[in-house]
Amino acid sequence: QVQLVESGGGLVQAGGSLRLSCAASGSIFSINAMGWYRQAPGKQRELVATFTSGGSTNYADSVKGRFTISRDNAKNTVYLQMNSLKPEDTAVYYCNTQVESFGTGRVNNYWGQGTQVTVSS
């Protein structure tokens, strides 16, 4: 089993910054992908930024140039630096990872509990 612990959400004024962190722990043989999604009230969950299995990054068009995803492989941790925040960035942000656990040979998908980001105008 794998656990994801998120931190860093909160309330910020438009134009401000926040940094989210997500640490994965448990039975981790390898991490295939890891990143962030978000879900605003009444909307579907959407990709924000992620590292792919090949190590490249994907960003939603709406956050390009404002958000930066980074990681610390030694700590199985991924970060999301969010700058120039807008009210439309308000959502619950979820960490996601695809992990192969020891001895299974299978890749499973895991979600964090979510952290609220609220941007006031």
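Cut-offs applied
- Residues numbered from 1 in each chain as written.
- Predicted model: local features only at pLDDT ≥ 70, side-chain atom pairs only at ≥ 80, totals over all residues.
- Heavy atoms only, no water.
- Helix = DSSP H or I, 4+ residues; strand = E, 2+ residues; numbered from the N terminus.
- Buried < 20%, exposed > 50% of the residue type's maximum accessible area, 1.4 Å probe, protein only.
- Polar contact = N/O pair within 3.5 Å; in protein donor to acceptor, adjacent residues only side chain to side chain.
- Salt bridge = Lys/Arg side-chain N within 4 Å of Asp/Glu carboxyl O.
- Disulfide = S-S within 2.5 Å.

K.L.:
Would you explain the side chain of Thr 50 in this entry?
P.N.:
Within the fold, Thr 50 resides in strand S5 (residues 46–51). Thr 50 gets classed as buried once you look at its relative accessible area, which sits at 10%. Separated by 3.2 Å, the side chain of Thr 50 and the backbone oxygen of Met 34 make a polar contact.

K.L.:
Mind showing me how you'd approach the pattern of salt bridges here?
P.N.:
Pairing is possible between side chains of opposite charge, provided their charged atoms come close. For the structure shown, the criterion picks out four salt bridges. Glu 46 is the partner of Arg 38 in a salt bridge, and the nearest nitrogen-oxygen pair spans 2.7 Å. Judged by its relative accessible area of 6%, Arg 38 is buried. Accessibility expressed as a relative area gives 36% for Glu 46, which makes it partly exposed. The structure contains a network of salt bridges with shared partners spanning Arg 38, Glu 46, Arg 66 and Asp 89.

K.L.:
Any chance you could explain unusual backbone geometry here in plain terms?
P.N.:
A negative phi angle characterises most non-glycine residues, just as the trans form characterises most peptide bonds. In this structure, Asn 76 is a non-glycine residue whose phi angle is positive, near 50 degrees. Classification of Asn 76 as partly exposed rests on a relative accessible area of 25%. Unlike most non-glycine residues, Ser 84 shows phi in positive territory, near 50 degrees. Within the secondary structure layout, Ser 84 lies in the loop between strand S8 (77–82) and strand S9 (91–100). Relative accessible area serves as the criterion here: at 41%, Ser 84 is assigned to the partly exposed category.

K.L.:
So what exactly am I meant to see when it comes to the state of the cysteines here?
P.N.:
A complete count under the given rule lists one disulfide for this structure. Note that Cys 22 is cross-linked by a disulfide to Cys 95, the S-S spacing being 2.0 Å. Judged by the sign of its S-S torsion, about -85 degrees, the cystine formed by Cys 22 and Cys 95 is left-handed. In this pair, Cys 22 is assigned in strand S3 (residues 18–26) and Cys 95 in strand S9, connecting sequence segments 73 residues apart. Since its relative accessible area comes to 0%, Cys 22 is described here as buried.

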